[in-house]
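Understanding the architecture of this molecule
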Amino acid sequence: MSTLAAWMGALGVAPLVWSALVALARQGAVGEASLSDGHEKALLAIMLGPIALGAIMLLASSGAGSTVAPPLLELIEFSQAGNVTSATEINAHEAINWWEAVAATLLGFYLLGLFRLVPPLVRAHLSLRRSEIAACAHPVGRDVYVFESTGSPVAAARGLILIPRRLFEALSPEQLALIVEHERKHHARGDVMFYAALAWIEALLWFNPFVRAQARHCRLAAELDCDRAVTAAAPDMRRAYAQTLLVVLKHTAGDALPCAPAVFSHRTMGDHRMRIVQIMERDGATRKRAPWFAYAAAVALIAPLGIGQLALAQSLGVAPPANITPASASSAPSFSHRPVEGRLTSTYGERRDPFSGQMAFHVGVDLAAREGTPVVAAASGHVLRVAANQAGYGNMIEVDHGGGFVLRYSQLSAFEVREGDAVQAGQLIGRVGQSGRATGPHLHLEVWRDGTAWDPALFLDLPAVR
């Protein structure tokens, strides 16, 4: 799988599936009822958690040193008859191209969505900033400012409350006091930054309907919480408060900025109805239920999701690299010893598979020698893996030589080291064989740097092709 496909899967597909399952668990736990503010925020954090987890895994994988063994590829070995085209084959080469094409297409759709949503959001921020600059202080309160533009009253930065002049003039002093108190509650809760973050989460994750729905739940819970605080302070003003909200809704027609908390922060009529019903209830609010089923489901799903994201992260670097130059090899460790004394029968790169006759990529070199010929470490390092019967590789040793370099010595007939051993340059580590798919004894040698296969001829002293 390509790097782009791995990133798209770990940061897009896996979190999308995860958030869908969390949303289903929430629906099963509470139905259409709104949860408390804290629970809504917790569920949003649970939905966003896999994105951070996937990013950490991918960054760790891409920046990891050579202590992580390179991935095993499905190979067919052929190396004896002196044919320079005999080699190891990557059967998945065509699939890698398809992964890249699909990932590139999805990335294109994602960027188109960003181009549609991000500019309006930026304009909303700029509009709010212009309103802050142009607003005039009003004697009704030191934090109350009146501006000329249309819209809904909003809690702005620096503790300001912005009210459109036309609405300001339409409200009675009692109604204005209720609106101001509502927006002060938003400031006390820290909703100015929270609403801005929600707006950007919805824009960046526009393709995820479950996250966007949870962001709406968070806004609704915040508005309900502010409504409860206002009515708790003035229980005899419930009817007046409900009528005030209806006046504001009629005046603004739902025209509220998405990046700031407002008396009416969204256009969904069902949410407005829920707020009015809560305000008119004498006990102050309907009973909220904790979504313990949703939390339990999230805990149960963490392990399989993490395993899937880890698999995507570990798939990085499988595709054969292009444009590798000798200049890129300047930071390699000193490979002072030739791993085996033999003849080079297959080089790194494209060649025709002698079994299928199709072109394929060979990620290493083949050095033919008599069975039992000593194989030595090309440089000092420590043994990462000693494994027998590894598909086309046969018996195989992987040695970390430092600097991000891992060498894979395969097709061996015997091992002379164990996993974890420290080895010196020139030390015997194994013996030539034909333990994988091969027509004769040889050493198949691969050089991996930071999880990507490189041409061994750039680093090692190899014999001429014969």
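Nothing here was measured: the structure is a model prediction, and the numbers come from that model.

Considering the overall build of the chain
Looking only at helices and strands, the chain features 10 helices and 16 strands. Per-residue burial over the chain gives 48% buried out of 466 residues. For the chain, contacts bridging at least 24 residues in sequence account for 73% of all contacts bridging at least 6. Just so you have it, the chain exposes about 20900 Å², and 61% of that area is on carbon and sulfur atoms.

Notes on the pattern of salt bridges
Counted by the stated rule, this structure contains 17 salt bridges. Across the pair Glu148 and Arg165 runs a salt bridge whose closest N-O atoms are separated by 2.6 Å. On the criterion of sequence distance, the pair formed by Glu148 in the loop between strand E2 (141-147) and strand E3 (154-155) and Arg165 in helix H4 (residues 165-170) is long-range, its members being 17 residues apart. In this structure Glu148 comes out as exposed when scored by relative accessible area, which is 61%. You can call Arg165 partly exposed: its relative accessible area is 29%. Glu416 is paired through a salt bridge with Arg431; the nearest N and O atoms lie 3.4 Å apart. Here the residue Glu416 occupies a position in the loop between strand E12 (405-415) and strand E13 (422-423), and Arg431 occupies one in strand E14 (residues 428-432), the gap between them amounting to 15 residues. Classification of Arg431 as partly exposed rests on a relative accessible area of 27%. Overlapping salt bridges bring together Asp37, Lys41, Arg189, Asp191, Asp225 and Arg228 as one network.

Description of the nonpolar core
Core analysis: the largest hydrophobic core is formed by 28 residues, its most contacted members being Phe335, Val375, Leu407, Tyr409, Ile429, Leu443 and Leu460. Where this core is concerned, the elements lending two or more residues are strand E8 (364-368), strand E11 (395-402), E12, E14 and strand E15 (442-449). Broken down by element, the residue count for this core peaks at four residues, all from E12. Within the second largest apolar cluster, 17 residues are counted, among which are Leu167, Phe168, Leu178 and Val248.

Overview of the sheet that holds strand E4 (residues 161-164)
Across the sheet, four strands lie side by side as E1-E2-E4-E3; this open sheet has mixed pairing. Among the strands making up the open sheet, the edge pair consists of strand E1 (136-138) and E3. One ladder, built from four bridges, connects E2 with E4; its direction is parallel. Each bridged residue has a counterpart across the sheet, and for Val146 the counterpart in E4 is Ile163.

Overview of the packing of helix H6 (residues 191-204) against helix H7 (residues 209-233)
Put simply, H6 and H7 touch, their axes get as near as 9 Å, and they point 160° apart. Considering the angle they form, H6 stands roughly antiparallel to H7. Both H6 and H7 take part in a crossing whose hand is left-handed. Counted together, Asp191, Phe194, Tyr195, Leu198, Ala199, Ile201 and Glu202 of H6 and Val211, Arg212, Ala215, Cys218, Arg219, Ala222, Glu223 and Cys226 of H7 form the full contact between these two elements. The class makeup of the residues in the contact of H6 with H7 is 10 nonpolar, no polar and five charged.

The rules behind the values
- Residues numbered from 1 in each chain as written.
- Predicted model: local features only at pLDDT ≥ 70, side-chain atom pairs only at ≥ 80, totals over all residues.
- Heavy atoms only, no water.
- Helix = DSSP H or I, 4+ residues; strand = E, 2+ residues; numbered from the N terminus.
- Buried < 20%, exposed > 50% of the residue type's maximum accessible area, 1.4 Å probe, protein only.
- Contact = heavy atoms within 4.5 Å.
- Areas by Shrake-Rupley, 256 points an atom, 1.4 Å probe, with all protein chains shown as cover.
- Salt bridge = Lys/Arg side-chain N within 4 Å of Asp/Glu carboxyl O.
- Core = buried A, V, L, I, M, F, W, Y, C linked by side-chain atoms within 4.5 Å.
- Pairing = 2+ DSSP bridges.
- Axes fitted to C-alpha atoms, helices over the stretch in contact; angles between N-to-C directions.
- Parallel < 35°, antiparallel > 145°, perpendicular 65-115°, else oblique.
- Left-handed = near helix turned anticlockwise from the far one by under 90°.
- Nonpolar A, V, L, I, M, F, W, Y, C, P; charged D, E, K, R; others polar.

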